[in-house]
Structure formats: structure tokens, C-alpha cells
Amino acid sequence: MKGVVIIPQDDDTRVSILVGALIAYQMVNWTVNSLVNRFISVAVWWDSAFVLCMLLGVILYSARAIIRRQDSKTFLLYAFFVFCFALSIFLNLPGASYAKKNFFTFFFTVLSYYLVGRSIYDFNKLKPVVIIASKVSVVSSIIWLVLYFSTSSNGWNNCMAVSYSVLPSICILGYAYFSNRKLINIFWFIAGILTILFMGTRGPMIILVIYIIFMFLYFSRSNYKFFVASILLIVGILVYNNMNSILSYLLKHFSVGETTNAAFYKFLNSEDITNGRILIYEKVWAFCKENIMLGHGVYGEWSIIGGYAHLMPLEMITHYGIILGSIFFVYILIKNIKYLSANKNNDFSYFFCLTIVGVGFFKLLFSGSYLQESYFWLLLGMVSKKKCLVINGEKKY
């Protein structure tokens, strides 16, 4: 068949190992850095050297897999962002200094996830690998918490970056439990939930609660779904009516030593649940309107607020203008919906994608930047890749 390329089975095995490494490495890196910095007061370059070596391997191997599949369109995205960064720098657009500063980080440690996403096809081989990687990530997070609380003094335990690093692993372990309800699986899932609670960040907690509710409904038998939904609704009403008491209890038991759990304290006491984001949105939108059609280039809003906009659609419109930015966002949204719909009968591929949607898309609607979120690019690679055909028992691309 013209245009069809047959790929050896071991190609998918190696790609699965790459994905597992990426799932685990962020949390493992946090823990390694904590161990190194525990004994060396001045940070040195080699405490993250193994991560850079691993990412180089990821880029080289996933690029090889893509070339073997004759998926040349993949590299058009790289060309597009090279152009965007170059345009911002050479035209000295508002975010030019940030584009220079973050050029290496974006192309090497963030956009590399896109290559991996384009390489994923065999979810049967991927499943056991990422479950093992998720367990490694949770163990690393427990070690990190012990190190953190043993050295932290008075203040907040608000570990946002770390909690988002381990969140995908906890979601995957949640799937492992709901799909195979063994005692060991619930142990791993509860251990992961506890790490998120102790880290004290609201965003990961909210995403995890939504994910758990969805899994309860998805894995319920069809004739019990209404009953399960009713029970969840009743529990939700009871929690809402006793919210202050529950939050006070959680604040007391998930604050360690002299530190205060930031998430439960803010849930209980904060009058501004957006944490100042409304003011950020107003500033960025006013700036955006100054060049609404063409945009201000990548990192444009960083020049006025010193960071990202915490709202992906607004961020994209600010960077590329209202036409191109809106098209980019809507394209990704539609691709996510189509991919989830196409995989709804395959439990693992569906929930793996749903996990990445949670941390790589939904999260960016209230926190973070798509230019810094690796899982956004993994998701984009997954949902935009070439379709796989199975002909006479062989995968063909």
C-alpha cells in the first residue's frame, strides 16, 4: 500500500520506556536535587545532569521513531516556533528578553515532549511501563516530603511545582485501582493522594477530585451509574454543608510541625479564590488590545506582569493575535475531544489521555503557561499524530 510504513514491534517498546521515563523523571529530579542540596549548600550543575542526558536521549530516539514512520509534518511545529522565537528576538518585541532567556529550555526540555507524543501508538505496551514509573514517582514524592519537612522552618507548605510533577502518576495509579481493584493498587493510590494533600496546592487537589469522581462514574456498571451519581451528589452536598469543619480538620492534620498547609488555609480563609488572577487578566487584556490582530509575540505579557497570564486562551491571543491565537486554541480543544471520543472503548488509552488533558490542558485554564508545561506538548503530539492501521496483524502508519 502506497504511503504505508511497517514499523518493528520493538519500536513501540522503546517508545513506551521513553514515556515511562518522562512520567517519572520530574518527581525523581526533585528528590535527587533535594538529596544533593541536603549535603551541598551551593547548587552545582551536575545535580540535574542526568535529566539533561535523559532528555537528549528522548529527543534523539523519538525523532528516530518519527522519521521511521515518515511523519515529516512533526518537524513543521519546530520550524513554526523557531520562527516565532526568532521574530520576537529580531524585532525586539515586548517579550524578546524572555524569549532569549528561555530559548534553550523551551526547545530542549519542553517541546521534546511533543516528539514523544507523536511516537505513542501501542498502549498495551505503554500501560505496564507507566504504572511502574508512576509508583517510582510516588515513592520519590514521599522521600521528597520527608526531606522537605525535616528542613523547613515556619511558613507555608505550598509545593506547587512538585505537586504538579507527581499528579499524573497519581491519576495513573487511580486508573490502576479502579480498573483492577486489588488491595495493593488502593495502597499505591492512597499513598499518592496523601502526598498531594501534604504538599498543599489547590490546583492539583481540584484536578484530582474531578478525576476521582469521573472514575467512579466511568467504572460503575451501567445499571448502577444513576445510583453511584446519586451517592456522589449526596456526599457532595454533605461536604458543602460542612465545608468549614472539614477544612479545619484537614488544615490541622496536614500541616506538619510549624508549617501551615497553604491549600486548606486559603480554602478556609481566602476571600479572593482567584489568588489575584482577575487583576492579572485585566492587565494582560489591556496590553493585548494594543495589538489585538497581530499579537505581541511569545512571552509578550511577561514584559508587563513579569510572568505568564494563568489563562491559556488569553496567553495565546496575546502572543499570536486574536485570529491565529483563537485558531490555535480551538484546534487543540477539538483535537482533544476527537481523540477522547475515538478512544472511549479502550480504558487505558482513554484514561492516559484524560490524565494528560488534566495536567496539560485543563490546568492551563487557571495556572501555568503552555510555553512551560511539558504535558501540554505531550498531549498535542498524541492528539495530532498520524493514524495507525492494523493490516494482517501488523501495525502500519
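1. Section: unusual backbone geometry
Phase 1: The backbone phi angle of Asn-92 is positive, close to 55°, even though this residue is not glycine.
Phase 2: Mapped onto the elements, Asn-92 comes out in the loop between α3 (74-90) and α4 (96-110).
Phase 3: One non-glycine residue, Tyr-299, lies in the positive phi region at around 65°.
Phase 4: By the secondary structure assignment, Tyr-299 is in the loop between α13 (277-288) and α14 (302-305).
Phase 5: With a relative accessible area of 1%, Tyr-299 lands in the buried category.

2. So, the packing of helix α15 (residues 312-342) against helix α17 (residues 374-384)
Phase 1: Axis separation between α15 and α17 bottoms out at 9 Å; the angle between their running directions is 50°. With respect to each other, α15 and α17 are oriented oblique. Like other packed secondary-structure pairs, α15 and α17 cross with a definite hand, here left-handed. Of the residues in α17, those touching α15 at Met-312, Met-316, Phe-328, Tyr-331, Ile-332, Lys-335, Asn-336 and Tyr-339 are Phe-376, Trp-377, Leu-379, Leu-380, Met-382, Val-383 and Ser-384.

3. Quick look at the environment of Met-293
Phase 1: Along the chain, Met-293 falls in the loop between α13 and α14.
Phase 2: When the C-alpha positions of Met-293 and Gly-325 are compared, they lie 9.5 Å apart, and in sequence the two are 32 residues distant.
Phase 3: The residues touching Met-293, leaving out its near neighbours within four places in the chain, are Tyr-320, Gly-321, Ile-322 and Ile-323.

4. What about the pattern of salt bridges?
Phase 1: Under the criterion given, the structure shown has one salt bridge.
Phase 2: The residue Lys-363 makes a salt bridge to Glu-373 at a minimum N-O spacing of 2.6 Å. Of this pair, Lys-363 sits in the loop between α16 (347-362) and α17 while Glu-373 sits in the loop between α16 and α17; the two residues are 10 residues apart in sequence, bridging distant segments of the chain. Considered together, Lys-363 and Glu-373 belong to a single accessibility category, that of buried residues.

5. Section: the side chain of Thr-201
Phase 1: Inspection of the secondary structure puts Thr-201 in the loop between α8 (183-199) and α9 (202-218).
Phase 2: Assessed through its relative accessible area of 6%, Thr-201 is described here as buried.
Phase 3: At a separation of 3.4 Å, a polar atom in the side chain of Thr-201 contacts the side chain of Ser-163.
Phase 4: Leave out the neighbours within four places in its chain, and Thr-201 touches Asn-158, Cys-159, Met-160, Ser-163 and Ala-263.

6. Some points on the nonpolar core
Phase 1: Membership of the largest hydrophobic core comes to 105 residues, with the highest contact counts inside it found for Phe-106, Phe-352, Tyr-370 and Trp-377.
Phase 2: Beyond its immediate chain neighbours, meaning those up to four positions away, Phe-106 contacts Phe-81, Phe-85, Leu-111, Tyr-299, Leu-371 and Trp-377.

7. Observations regarding a nonpolar patch on the surface
Phase 1: A grouping of Tyr-224, Phe-227, Ile-231, Ile-234, Val-235, Leu-238, Val-239, Tyr-240, Met-243 and Ile-246 is seen on the molecular surface, where their side chains present a nonpolar patch of about 940 Å² in accessible area.
Phase 2: Elements supplying a minimum of two residues to the nonpolar patch: α10 (225-241) and α11 (243-253).
Phase 3: Here Leu-238 shows up in helix α10.

8. Side note on the packing of aromatic side chains
What describes a pair of aromatic rings is the distance from one ring centre to the other and the angle between the planes of the rings.
Phase 1: Tallied over the full model, the rule gives 48 aromatic pairs.
Phase 2: One Lys or Arg, Arg-202, reaches over the ring of Phe-267 and ends 5.9 Å from the middle of that ring.
Phase 3: Across the ring face of Tyr-164, the terminal group of Lys-363 is positioned such that the distance to the ring centre comes to 4.2 Å.

9. Concerning the packing of α9 against α16
Phase 1: The interhelical angle for the contact between α9 and α16, taken along N-to-C directions, is 160°, at an axis separation of 11 Å. By the angle between their axes, α9 is roughly antiparallel relative to α16. The two elements α9 and α16 cross, and the hand of that crossing is right-handed. Here Ile-207, Ile-210, Tyr-211, Phe-214, Met-215 and Tyr-218 of α9 come into contact with α16, specifically with Asp-347, Tyr-350, Phe-351, Leu-354, Thr-355, Gly-358 and Phe-362.
Phase 2: For the contact of α9 with α16, the class distribution of residues is 10 nonpolar, two polar and one charged.

Conventions we followed
- Position labels on residues start from 1 in each chain and follow its written sequence.
- Selection of residues for local features in this predicted model requires a pLDDT of at least 70, selection of side-chain atom pairs for listing and counting requires 80 or more, and totals for whole chains, interfaces and linings are taken over all residues.
- Heavy atoms from the whole structure form the basis of all side-chain values; hydrogens and water molecules are not counted.
- Where helices and strands are cited, they refer to DSSP runs of H or I of at least four residues and of E of at least two residues respectively, numbered from the N terminus.
- Throughout, exposure labels follow a simple rule: accessible area from a 1.4 Å probe, protein chains only, divided by the maximum for the residue type, with under 20% read as buried, over 50% as exposed, and the rest as partly exposed.
- Structural elements are reduced to axes, namely lines fitted to C-alpha atoms, with helices fitted over the stretch in contact, and the angle between N-to-C directions of any two is expressed from 0 to 180 degrees.
- Oblique is the label for any angle not under 35 degrees, not over 145, and not in the 65 to 115 range, which are roughly parallel, roughly antiparallel and roughly perpendicular in turn.
- The crossing is said to be left-handed when, going from far helix to near helix, the turn is anticlockwise and less than a right angle, and right-handed when the turn is clockwise.
- Contacts were defined at the residue level, with two residues in contact if any of their heavy atoms lie within 4.5 Å.
- Criterion for a salt bridge: a side-chain nitrogen of Lys or Arg within 4 Å of a carboxyl oxygen of Asp or Glu.
- Pairs of N or O atoms within 3.5 Å make up the polar contacts considered here, provided that, within protein, one atom can donate a hydrogen while the other can accept it, and that residues adjacent in sequence are counted only when both atoms are side-chain atoms.
- Among the buried residues, those of types Ala, Val, Leu, Ile, Met, Phe, Trp, Tyr and Cys that are joined through side-chain atoms within 4.5 Å form a nonpolar core.
- Residues form patches when they are more than 30% accessible in relative terms and have no salt bridge. Like charges link within 9 Å. Nonpolar side chains (Val, Leu, Ile, Met, Phe, Trp, Tyr) link within 5 Å.
- Areas reported as accessible are Shrake-Rupley estimates using a 1.4 Å probe. Residue values count occlusion only from the protein chains shown.
- Here is the rule: rings of Phe, Tyr and Trp (six-membered ring for Trp) pair when centre to centre is within 6.5 Å. Planes less than 30 degrees apart are stacked, more than 60 are edge-to-face, and the remainder are tilted.
- Placement of a positive charge over a ring is assigned whenever Lys NZ or Arg CZ falls within 6 Å of the ring centre and within 35 degrees of the normal to the ring plane.
- Only Asp, Glu, Lys and Arg are considered charged, only Ala, Val, Leu, Ile, Met, Phe, Trp, Tyr, Cys and Pro nonpolar, and every remaining residue, Gly among them, polar.

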